[in-house]
Every structure is written in structure tokens, then in C-alpha cells.
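# Chains, contacts and geometry: an overview
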Amino acid sequence: QSFSTFAGNPYFIDLDLLAEDGLLERAELEAVNWGAEPRYVDYGKIYESRFAVLRRAFRKGWERDREAVERFAQEHRWLGDYALYMAVKQHFGMKSWLEWPDEDIRLRKPEVVEQYRRELREDVDFFCYLQFLFYKQWNALRDYIHGLGIRIIGDLPIYVAMDSADVWAEPEFFQLGEGNVPKEVSGVPPDYFSADGQLWGNPLYDYDRMRADGYGWWIRRVEGAGRLFDIIRI
């Protein structure tokens, strides 16, 4: 149920490494209440605090890294749609895109997409920068792991989340009806594990449309996973 099949989780960005890179001060990290018990992760505190800290890193590093981020964006074509989706999602209080009050941006009318891209420029840049930082740290970690003779296995879930940049940006590849509401969603029938079955809620693919596109959506998705992992488990 992640917001993107391509994007890295901003909660995995190592703040100590950002401090070493000059993007944060140690005092800034120590001043944040991350929770009272060091043995456990207080996800509520992290939700309240982490993005404010990452925003400080963005403001310090954006001009310094702008050209590198632009090169990163050229290599990761999904980034523009993802960053805009996250910026608009934040603008509307993190609601699912199906619940955004502005139907024009929900349905991606071109002139409205450009309007939001202009109005939310700083937030769009922020979410682009977070992905730049994530991949920079991930690539360094992967290089270190490779140096130990170890390869990384990663999962490629069959479905993507309904509330994701993937579905919002390319609704034509999913079985959606009027207003881009899903016609049917994924799940499993009753079995030994659940007497009532399970309703997962992921939209189903329009494989006829995907076939007509040469399965480009799947090719891009596998290529994206290949940037993160050495072996992909589907």
C-alpha cells in the first residue's frame, strides 16, 4: 500500500548521514522528541517530526544539489508525477487522491496539472529532493554490500496501491470506471486462513490496454526495481 512502486520510503533516509553531509546540525536532531523509549520506534513521534527535519535539510541542500537532482530526475522519469502527487496530497491533508476536492487535478486535466505544479513548486522540489537523498544513500549502502560479496533480493508485489502516484498518473492501465473509481478490486475468496476471504482494495490491471502499449508499464516497473535490487522476487 505504498504511495509509489518506484519511490524510496523517506522514513529510511538516515539523518546522521545528512548531518555528516552538512545538511543538518546535530543540535537539530537532538532537539527533536523521537520518543521516550530507545528500544522501540515511536511511529507517532516520527510522523510528527521527521518531515520537518527533512524540510530543513532540503532548504540547506537544494541550491547546492540542484544540478545533481536534475540529472537524477532525467534518469528516473517517474519522479515528476510522484513529486506532484505527493505535493497535492499534502496540500489536501494527505487524503487519498480519490477524495481530493478538486476534481480537475484528481482527473489530471493538463492545464490544472501545470497550475498545481506552479503553485506547489517548493513542495514538488522537496519531494524530488527526498528521493535524490534516498537513492544516494541506498546506492552507497548497496555498493558497500556488494563489496562484501552479497547481493540484495527485493520483492515486486503484483498489485500497486489504489492511493498511489502509479494509478493517479496512469489510470488508463487499470480497470477504472467513471471518475477513475475502480470497477473491481483485488482480494481472495474464503479459505482456511479467513472464513470471509480478504478484500485488499488494489485496482486490477487493464491487460488489453497494457498489451496495446507493449507492456511498457511493466517493463518500466521491473527496470525500476532493478535499480534497487540485484534479484527480484515477483
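Since the structure is predicted, the reported quantities are computational estimates derived from the model, not experimental observations.

Analysis parameters
- Residues numbered from 1 in each chain as written.
- Predicted model: local features only at pLDDT ≥ 70, side-chain atom pairs only at ≥ 80, totals over all residues.
- Heavy atoms only, no water.
- Helix = DSSP H or I, 4+ residues; strand = E, 2+ residues; numbered from the N terminus.
- Core = buried A, V, L, I, M, F, W, Y, C linked by side-chain atoms within 4.5 Å.
- Buried < 20%, exposed > 50% of the residue type's maximum accessible area, 1.4 Å probe, protein only.
- Contact = heavy atoms within 4.5 Å.
- Phe/Tyr/Trp six-rings, centres within 6.5 Å; stacked < 30°, edge-to-face > 60°.
- Lys NZ or Arg CZ within 6 Å of the ring centre and 35° of its normal.
- Salt bridge = Lys/Arg side-chain N within 4 Å of Asp/Glu carboxyl O.
- Expected span 1.5 Å × (residues − 1).
- Bend = angle between axes of the 7 residues up to and from the residue.
- Axes fitted to C-alpha atoms, helices over the stretch in contact; angles between N-to-C directions.
- Parallel < 35°, antiparallel > 145°, perpendicular 65-115°, else oblique.
- Nonpolar A, V, L, I, M, F, W, Y, C, P; charged D, E, K, R; others polar.
- Arc of directions from axis to C-beta.

We now examine the environment of Asp102. Mapped onto the fold, Asp102 is located in the loop between helix 4 (79-91) and helix 5 (103-106). In this structure the C-alpha to C-alpha distance between Asp102 and Phe92, which are 10 residues apart in sequence, comes to 9.4 Å.

Ranked by internal contacts, the top residues of the largest apolar core, which has 63 residues, are Leu18 and Ile105. Listed by contribution, the elements that provide at least two residues to this core are helix 1 (15-20), helix 3 (43-75), helix 4, helix 6 (110-119), helix 7 (121-147), helix 8 (165-169) and helix 10 (216-228). Ranked by the residues each element gives to this core, the list is headed by helix 7, at 12 residues. Residues within four places of Leu18 in sequence aside, it is in contact with Ile13, Leu23, Leu24, Leu54, Ala57, Leu133 and Gln137.

Turning to the packing of aromatic side chains, a few remarks are in order. As enumerated under the stated definition, the model contains 30 aromatic pairs in all. Between the aromatic rings of Phe92 and Trp100, the centroid separation amounts to 6.0 Å while the plane-to-plane angle is 40°, which identifies the pairing as tilted. For Phe92, a relative accessible area of 13% puts it in the buried group. Trp100 gets classed as buried once you look at its relative accessible area, which sits at 3%. The residue whose ring lies beneath Arg55 is Phe126, and the NZ or CZ to ring-centre distance is 4.0 Å.

This part covers the pattern of salt bridges. Enumeration according to the criterion identifies 19 salt bridges in this entry. As a salt-bridge pair, Lys89 and Asp163 come within 2.5 Å of each other at their nearest N and O atoms. In this pair, Lys89 is assigned in helix 4 and Asp163 in the loop between strand 1 (153-155) and helix 8, connecting sequence segments 74 residues apart. Across this residue pair, the class does not change: Lys89 and Asp163 are buried. With a shortest N-O distance of 3.4 Å, Glu103 and Arg106 are connected by a salt bridge. With Glu103 and Arg106 both in helix 5, this residue pair falls three residues apart, about one helical turn. Salt bridges here are not isolated pairs; linked through shared partners, they connect Asp21, Arg64, Asp65 and Lys136.

With 33 residues, helix 3 ought to run about 48 Å at 1.5 Å a step, yet its terminal C-alpha atoms sit only 32 Å apart, falling short of that. Maximum bend of helix 3: about 70°, positioned at Asp65.

Remark: helix 7 packs on helix 10, axes separated minimally by 9 Å, with the N-to-C direction vectors making an angle of 60°. Between helix 7 and helix 10, the interaxial angle falls into the category oblique. Counting all contacts with helix 7, which are made through Phe134, Tyr135, Trp138, Asn139 and Arg142, the residues of helix 10 involved are Gly226, Arg227 and Leu228. In terms of residue class, the contact of helix 7 with helix 10 is built from four nonpolar, two polar and two charged.

Of all the positions in helix 6, only Val112, Val113, Tyr116 and Arg117 are classed as buried. Within helix 6, the buried residues cover an arc of 140° as seen down the axis, which keeps them to one side. Exposed and oriented more than 90 degrees from the buried face of helix 6 are Pro110, Glu111, Arg118 and Glu119. The secondary structure elements touched by the buried residues of helix 6 are helix 4, helix 5 and helix 7.

The residue Arg108 is not glycine, and still its phi comes out positive at about 60°. Along the chain, the position of Arg108 falls in the loop between helix 5 and helix 6. Taking the relative accessible area as the measure of exposure, Arg108 reaches 22% and is therefore partly exposed. The backbone of Asn180 shows a phi angle near 60°, a positive value even though the residue is not glycine. Position of Asn180 among the secondary structure elements: in the loop between helix 8 and strand 2 (185-188).

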